[in-house]
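# Per-entry structural report
Here is what each chain is made of, one letter per residue.
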Amino acid sequence: RRCTIEVRGNDHDDGDMTSRRVRTVPGALTIFVVDDDARLRSVIGELAEAAGDCRLWDTAATGEEALDRLARCDGDDRPDVVLLDVELPGIDGLAVARRQLAVDPATRSVLMSTHAADDLPPDAVSGGVLDFVSKVELSPSRLSSFRALL
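Residues numbered from 1 in each chain as written. Predicted model: local features only at pLDDT ≥ 70, side-chain atom pairs only at ≥ 80, totals over all residues. Heavy atoms only, no water.

### Focus on the pattern of salt bridges
Where side chains of opposite charge bring their charged atoms close, a pairing between them can arise. Overall, the coordinates contain eight salt bridges when judged by the stated rule. Put simply, Asp37 and Arg39 hold a salt bridge, and the shortest N to O gap is 3.7 Å. Its salt-bridge partner being Arg72, residue Asp68 comes within 3.2 Å of it at the nearest N-O pair. By relative accessible area, which is 42% here, Asp68 ends up partly exposed. Sharing partners across several salt bridges, the network here consists of Asp35, Asp85 and Lys135. (Salt bridge = Lys/Arg side-chain N within 4 Å of Asp/Glu carboxyl O. Buried < 20%, exposed > 50% of the residue type's maximum accessible area, 1.4 Å probe, protein only.)

Next up, the structure:
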């Protein structure tokens, strides 16, 4: 598969959106990062680039922003994985994953948090939620490993 991804990210949490073009990458695993920490979104983008087989699809700072962005994309322009912070302002990451799954059953989400997986509800990793990753475990190889979950 060949995709060209336009990354739109919030460099600062003040609503100032920036946009940049990312080169076309054959077969890249595209990741939509949803986290209220602008620095973490940027770091995950760098980790995706370092992985070589992953690319940042887009970023969002809130659950509402993520659902809006996903609603505006067509079937061919969807991310492979939505990487969601569990604790977001407004709609939390688990609720975003469940709402998006109800709209588009093909959506695949991975939850992330600074907390342990034991702190999640028992049914959190089910259906369209493929996995949970601790933010401290994020690395290029961990992002690449999401491909095996698809």
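### Concerning helix α1 (residues 38-51)
If you check α1, its first and last C-alpha atoms are 20 Å apart, about what 14 residues at 1.5 Å a residue would give, namely 20 Å. For α1, the N-terminal capping position is held by Asp37, with its side-chain oxygen 2.8 Å away from the main-chain nitrogen of Arg39. Of the residues one or two after α1, Gly52 is the one with positive phi, at around 85 degrees. (Helix = DSSP H or I, 4+ residues; strand = E, 2+ residues; numbered from the N terminus. Expected span 1.5 Å × (residues − 1). Polar contact = N/O pair within 3.5 Å; in protein donor to acceptor, adjacent residues only side chain to side chain.)

### Overview of the sheet that holds strand β4 (residues 54-60)
If you walk across this open sheet you meet the five strands as β4-β3-β5-β6-β7, and the pairing is parallel. Of all strands in the sheet, those bounded by a partner on one side alone are β4 and β7 (129-134). Averaged over neighbouring strand pairs, the angle between their axes works out to 25 degrees when direction is ignored. Bridge count for strand β5 (residues 81-85) against strand β6 (residues 109-113) is four bridges, and the pairing is parallel. Within β6, the position partnered with Val82 by the bridge is Ser109. Relative to β4, α1 is tilted by about 165 degrees, and along the sheet it contacts β3 (29-34), β4, β5 and β6. The sheet strands contacting helix α3 (residues 93-103) are β5, β6 and β7, and the helix crosses β5 at an angle near 150 degrees. (Pairing = 2+ DSSP bridges. Axes fitted to C-alpha atoms, helices over the stretch in contact; angles between N-to-C directions. Contact = heavy atoms within 4.5 Å.)

### Describing the environment of Arg69
Among the structural elements, Arg69 can be located in helix α2 (residues 63-71). With relative accessibility at 11%, the residue Arg69 sits in the buried group. With 37 residues separating them in the primary sequence, Arg69 and Phe32 have C-alpha atoms 9.8 Å apart.

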